[in-house]
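# Descriptive structure summary
The residues making up each chain are set out below.
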Number of protein chains: 2
Amino acid sequence: MNFADQLIHRIQATQNPVCVGLDPRLKNLPEALRASIDPSCAESIAAGFETFCKEILDVVANRVPVVKPQSAFFEALGFPGSRALANVVNYAKTKKVLVLLDAKRGDIGSTAEAYAQAYIGDAGSHGIQADALTVNPYMGVDTLEPFVKACQANNKGMFVLVKTSNPGSGHFQDKRLTTDKTGSATLHELVAAEVETLSGNTLGSHAYGSVGAVVGATYPEELGELRKKMPRTIFLIPGFGAQGGGAQDVMPGFDSRGLGAIVNSSRGIIFAYENPQFQANGDWQASVELACQKMTDELSLNRIQRQ
Amino acid sequence: MNFADQLIHRIQATQNPVCVGLDPRLKNLPEALRASIDPSCAESIAAGFETFCKEILDVVANRVPVVKPQSAFFEALGFPGSRALANVVNYAKTKKVLVLLDAKRGDIGSTAEAYAQAYIGDAGSHGIQADALTVNPYMGVDTLEPFVKACQANNKGMFVLVKTSNPGSGHFQDKRLTTDKTGSATLHELVAAEVETLSGNTLGSHAYGSVGAVVGATYPEELGELRKKMPRTIFLIPGFGAQGGGAQDVMPGFDSRGLGAIVNSSRGIIFAYENPQFQANGDWQASVELACQKMTDELSLNRIQRQ
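Residues numbered from 1 in each chain as written. Chains lettered and ligands numbered in written order. Predicted model: local features only at pLDDT ≥ 70, side-chain atom pairs only at ≥ 80, totals over all residues.

### Quick look at the overall build of chain A
A tally of helices and strands in chain A yields 14 helices and 10 strands. Against the globule reference of 19 Å for 307 residues, chain A gives a C-alpha radius of gyration of 19 Å, in line with a compact fold. Overall, the C-alpha framework of chain A stretches about 60 × 45 × 35 Å when taken along its three principal axes. Among the 307 residues that make up chain A, the fraction classed as buried is 61%. (Helix = DSSP H or I, 4+ residues; strand = E, 2+ residues; numbered from the N terminus. Rg over C-alpha atoms; globule rule 2.2 N^0.38 Å. Buried ≥ 20, exposed ≤ 12 C-beta atoms within 10 Å, placed from the backbone.)

See below:
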């Protein structure tokens, strides 16, 4: 089944569009787990990250449609980290939750093909078998095409950076372009137009395509503008929670059916036991469950549809 | 020693600015090596890639200043590939050649810090200990800063994508921006100006900084323009050889001392045994040596200085 359809089915089954970001950091792990790790040993940290992410998945996998491991934190551990990441992805897939790998890859020609094989490859691929991958567009539309082909061939998805959640995202992305036609657009609007075209070539049965866009919760105005300009494109909305975005900020990213976006929270859920609001007698998984429940309530499909 | 100075010392010691790209591909490996590999087994391919790259290094490490492993081809093998990459990088370092990892990473805040630790980290890092890393600027200047800090703290280098070598690089990079000031610049010129500023904060004793720029050999006009606008920035020039760039095309990238750029060739050197021009009685390493010699002759420091 087309990735967009898989994602929408999961959103409908769980009745929310929440994406839980798996961003393990040694200093934030639950105390008992951290105490068992030798911080001088990459294998030991990687084993701790793997355990932590699997235990998060035990709580959230049947509550949310999709999880988003952040590759950087695993890569920082060298190949033991890469192995742990593969194990986490495989574990998630046994739980039926979709896996969007956040790796922001991008390159030209056959190198882009290698990245696609690495993360959203065919069944014979030796890489990590994620369901979707984040991709960086700076090098040009021709460098996105190998990823689009992989999505089409393997029923996978991709999310192209359009308007990112960081404070300085406007530095390049909001620059206004002169064009040969009347008027002008910003860089992120130009990228958005290209992504919308690519998405149209990967449509599923719900009128959304498998080529999505990353648009930050921290820019609600742009989110609403882009929703209008990209009717076939599913948004990955980061920046909820720890980065400052709230439920009202992400509402412009949805269509009238309550579809069209997934909203990511990482620290706010996975490290919920650090938040006095979600204390649960020292049971860190119960804290994660409380935080996940709060976010799925705030962003329930019912509530979004009523907005 | 500052990375820019390390690189210039190596260029002066080898009397050329050639960078050999390590882009292993199963179908192109020497026949005897390929025959020993089980293509259904990632560990077997990874071991073959490692052997191949080490044997390339045996030929080129004392002839060129720097090598550039392409992370994508290793990542496509999953964690056995990541381990092979780490082994190749460590082997290169025993040979004293500098290692520029081509991974085109980019992300925000603490995630960018994790990528920096993964590839250009401090001595206690668990990641791959490269000397420099390619970085993608799309997300904004604030997302480059964690990499710059790592360069400053650890005597490492980074090369930011500015004008890439692919046919479609102009799609976004050449778009002209409206500015508040008089006149306008293209996106890649704006990125270039930011990179030049960052490079100025990382200057070594040769008036070049450790923050470099990627500018393709396939765009010689832009290369010359950017050389004038970025006097402190070292260029990584890909696109030589297989992608179509020749010695004359890259000359605008150098200063009058013959410094300021490194020129990468991957396929043209490492798969030289496929080229009738470099046959050597079936000795594939001798073919690699011939191709490397030809490129170092074409781009000898003497010859560049005479241009």
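There is more to say, and it comes next.
### Considerations on the relation of the copies chain A and chain B
For the pair chain A and chain B, the relating rotation is 180°, the translation along its axis is 0.0 Å, and the fit reaches an RMSD of 0.0 Å. Those values place the two copies in the arrangement expected of a two-fold rotation axis. The rotation axis passes nearest to the C-alpha of L177 of chain A in chain A, at a distance of 2.1 Å. Of the interface residues in chain A, 98% have counterparts in chain B that sit at the interface too, so the contact is made through matching surfaces. (Least-squares fit on C-alpha atoms with pLDDT ≥ 70 in both. Contact = placed C-beta atoms within 7 Å.)

### Regarding the sheet that holds strand 4 (residues 132-135) of chain A
All names here are of chain A. Spatially, the eight strands close up into a barrel ordered 1-2-3-4-5-8-9-10, and their pairing is parallel. Strand after strand, the sheet turns through a mean of 30° between neighbouring axes, direction not considered. Sitting on the sheet, helix 5 (residues 79-94) touches strand 1 (18-22), strand 2 (66-69) and strand 3 (98-105), and the angle it makes with strand 2 is about 180°. (Pairing = 2+ DSSP bridges. Axes fitted to C-alpha atoms, helices over the stretch in contact; angles between N-to-C directions.)

### Quick word on the environment of G245 of chain B
All names here are of chain B. Mapping G245 onto the fold places it in the loop between strand 9 (235-237) and helix 11 (247-250). On a C-alpha basis, the gap between G245 and A217 in space is 5.1 Å, while along the polypeptide they are 28 residues apart. For G245, the residues in contact, after removing those within four places along its chain, are A217, T218, G239, F240 and V250.

### With respect to helix 7 (residues 141-154) of chain B
Residues and elements named next belong to chain B. The terminal C-alpha atoms of helix 7, which comprises 14 residues, lie 20 Å apart, in line with the 20 Å expected from a rise of 1.5 Å per residue. Considered for burial, the residues of helix 7 that qualify are T143, L144, P146, F147, V148, A150 and C151. In this fold, the buried residues of helix 7 make contact with helix 1 (3-14), helix 6 (109-120), strand 4 (132-135), strand 5 (157-163), helix 9 (187-200) and strand 8 (211-215). Among the residues trailing helix 7, N155 stands out with phi positive, at a value near 55°. (Expected span 1.5 Å × (residues − 1).)

### A word on the packing of helix 3 (residues 42-60) of chain A against helix 13 (residues 284-298) of chain A
Residue and element names in this part refer to chain A. The geometry of helix 3 relative to helix 13 is characterised by a closest axis approach of 9 Å and an angle of 50° between their N-to-C directions. By the angle between their directions, the pair helix 3 and helix 13 is classed as oblique. The element helix 3 and its partner helix 13 pack so that their crossing is right-handed. Together, E55, I56, V59 and V60 of helix 3 and Q285, V288, E289 and C292 of helix 13 make up the contact between the two elements. Residue composition of the contact of helix 3 with helix 13, grouped by class: five nonpolar, one polar and two charged. (Parallel < 35°, antiparallel > 145°, perpendicular 65-115°, else oblique. Left-handed = near helix turned anticlockwise from the far one by under 90°. Nonpolar A, V, L, I, M, F, W, Y, C, P; charged D, E, K, R; others polar.)

### Observations concerning the sheet that holds strand 5 of chain B
All names here are of chain B. Spatially, 1-2-3-4-5-8-9-10 is the arrangement adopted by the eight strands of the closed barrel, whose pairing is parallel. The average undirected angle you get between the axes of adjacent strands in this sheet is 30°. Packing against the sheet, helix 3 (residues 42-60) makes contact with strand 1 (18-22) and strand 2 (66-69), and its axis sits at approximately 165° to strand 1. Across the sheet, helix 10 (residues 220-229) lies against strand 5 and strand 8, angled at about 160° from strand 8, the strand it touches most.

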